[in-house]
There are 2 protein chains.
Amino acid sequence: MPRTVTPPTTEPAADAPVELKEACVRAAHEFIAEHGLERLSLREVARRLGVSHQAPYKHYPSRDHLLAEVIRRCFRQFADYLDDRGEHADPREDLGALGRRYLSFAAEHPLEYRLMFGTPWPAPAEQLGLVEDARHALDVLRAVLRRIHGAGRAQRTRVDLDAMFIWSQMHGLASITQANVMDHLGLVPQAGRQMVPHAMHMLSLAMAAASVGPTAEDRGSA
Amino acid sequence: MPRTVTPPTTEPAADAPVELKEACVRAAHEFIAEHGLERLSLREVARRLGVSHQAPYKHYPSRDHLLAEVIRRCFRQFADYLDDRGEHADPREDLGALGRRYLSFAAEHPLEYRLMFGTPWPAPAEQLGLVEDARHALDVLRAVLRRIHGAGRAQRTRVDLDAMFIWSQMHGLASITQANVMDHLGLVPQAGRQMVPHAMHMLSLAMAAASVGPTAEDRGSA
């Protein structure tokens, strides 16, 4: 059933475009959930909203601009979700809580997760807003690592390399557990249940061992 | 330009069906590379091969059966590629070589990698051949881990959990480095170059630390 958007009147004229702009984001998100990313178009969004084919173009020059805005909202939702993990006095406990939070977001919001991390970003260089929101999500992890390694300039490399190491692990776990291939690999029965705690334990062992050893920079690895 | 398949004659009649069966796999692979997975159909494969629309059905009951065979070949190519990493007397060095080999396959064969690990398997329970070939690829990793932990029944859980831990890390690294988002995250300049060696170093630290600690099973983690 097409929904109508309040047409501009004399009084709320300034609000109506904002309303349509927002409605386009919601409609695009719903359309992707139902029909997949490939079939998304501004025309389909207009049809869904019961507005003219031209109407969405007032706010989005192209389908990719609207898609970028949809993905940007996913990153905001994701960063807020990570921020809501509660307070942890011990930064290593905080890191564990952040990892579990990452994985539960991926499990609860598979579409949003796939849009953020399993889809080529549309024209990313142009979409500065998307880049900033994605970076903000990574900054949640960096902030925890700065609590562990220190916030100085000298620690920046270690913070970034650990961030990419930990993010890779989380992304791999999220992808593999979602892909539902594990049932077919002849794993021991407890693998499904213990896979994530084991990986989190291994990560914490690596972090603890690295904290007493040389950094990647010191080792001059190439 | 449509290629023709040798029509059956009196002599090589027994070979011709095999030839078409193989030609379908190659044509489907090429079609996916050019047009993406969504548009693959047995009709498109037949058109590409210059055979009748019905011809591929003799060998593949559905598009998904053919797709499963394409993915199965990717797993075989992948397992052979992993096997070709050379001999390493030290199993921990072998593990490092295997990891680097995994990542170079992903970088050199992004389409094949995505078909194996970024695409829902078509009707996997039916496609027993696909499952077996995927399992064989994982068995390459398991074999190295058995060299480290031992090949007994008691070590099976540790082998499988470490396999999933290491695979998750490799899959995350492969996905993130391919996604080309790293340029937009404000990372330190050396992150691109050091990310993989750092992750490999952290993995080896975790493995070394775990070898002197309790197993996940001993800890009774849930």
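Residues numbered from 1 in each chain as written. Chains lettered and ligands numbered in written order. Predicted model: local features only at pLDDT ≥ 70, side-chain atom pairs only at ≥ 80, totals over all residues.

J.: Requested: an account of the overall build of chain A, with residues and values cited.
T.: Per the secondary structure count, chain A includes 9 helices and 0 strands. By residue count, 37% of the 222 residues in chain A fall in the buried class. In chain A, once contacts between residues fewer than 6 apart in sequence are set aside, the share between residues at least 24 apart is 62%. (Helix = DSSP H or I, 4+ residues; strand = E, 2+ residues; numbered from the N terminus. Buried ≥ 20, exposed ≤ 12 C-beta atoms within 10 Å, placed from the backbone. Contact = placed C-beta atoms within 7 Å.)

J.: I'd like a description of the nonpolar core, backed by residues and values.
T.: Judged by nonpolar contacts, the single largest core of 114 residues is most densely connected at Ala28 and Ile71 of chain A together with Ala28 and Ile71 of chain B. Taken together, domain 1 (1-60) and domain 2 (72-213) of chain A each give at least three residues to this core, which thus spans both. Ignoring any residue separated from it by four or fewer positions in sequence, one finds Ala28 of chain A in contact with Leu40, Val45, Leu66, Leu67 and Val70 of chain A. (Core = buried A, V, L, I, M, F, W, Y, C linked by C-beta atoms within 7 Å. Domains from an automatic or database assignment.)

J.: How would you sum up the relation of the copies chain A and chain B? Please name residues and give values.
T.: Rotating chain A by 180° and translating it 0.0 Å along the rotation axis places it on chain B, where the RMSD comes to 0.0 Å. Taken together, the rotation and translation relating the two chain copies correspond to the operation of a two-fold axis. Most of the interface of chain A is mirrored in chain B: 100% of its interface residues are interface residues there too. (Least-squares fit on C-alpha atoms with pLDDT ≥ 70 in both.)

J.: Outline the interface of chain A and chain B, supporting the account with residue identities and numerical values.
T.: Interfaces are often sized by the accessible area lost when the parts come together. Taken together, the contact between chain A and chain B spans 44 residues of the former and 44 residues of the latter. Secondary structure elements with two or more residues in the side of chain A that touches chain B: helix H6 (128-149), helix H7 (156-179) and helix H8 (191-211) of chain A. Residues that form the side of chain A that touches chain B fall into these classes: 26 nonpolar, 13 polar and 5 charged. (Nonpolar A, V, L, I, M, F, W, Y, C, P; charged D, E, K, R; others polar.)

J.: Tell me about the packing of H7 of chain A against helix H7 (residues 156-179) of chain B, and please be specific about residues and values.
T.: Remark: H7 of chain A packs on H7 of chain B, axes separated minimally by 7 Å, with the N-to-C direction vectors making an angle of 105°. By the angle between their directions, the pair H7 of chain A and H7 of chain B is classed as roughly perpendicular. Counted together, Trp167, Ser168, Gln169, His171, Gly172, Leu173, Ser175 and Ile176 of chain A of H7 of chain A and Trp167, Ser168, Gln169, His171, Gly172, Leu173, Ser175 and Ile176 of chain B of H7 of chain B form the full contact between these two elements. (Axes fitted to C-alpha atoms, helices over the stretch in contact; angles between N-to-C directions. Parallel < 35°, antiparallel > 145°, perpendicular 65-115°, else oblique.)

J.: How would you summarise the packing of H7 of chain B against helix H8 (residues 191-211) of chain B if you had to cite specific residues and measurements?
T.: The axes of two packed helices give the description: the angle between them and the distance between them. Residues and elements named next belong to chain B. One way to put it is that H7 packs onto H8 with a least axis distance of 11 Å and a crossing angle of 170°. Considering the angle they form, H7 stands roughly antiparallel to H8. Contacts between H7 and H8 pair Ile166, Gln169 and Leu173 from the former with Val196, Ala199 and Leu203 from the latter. For the contact of H7 with H8, a count of residues per class yields 5 nonpolar, 1 polar and no charged.

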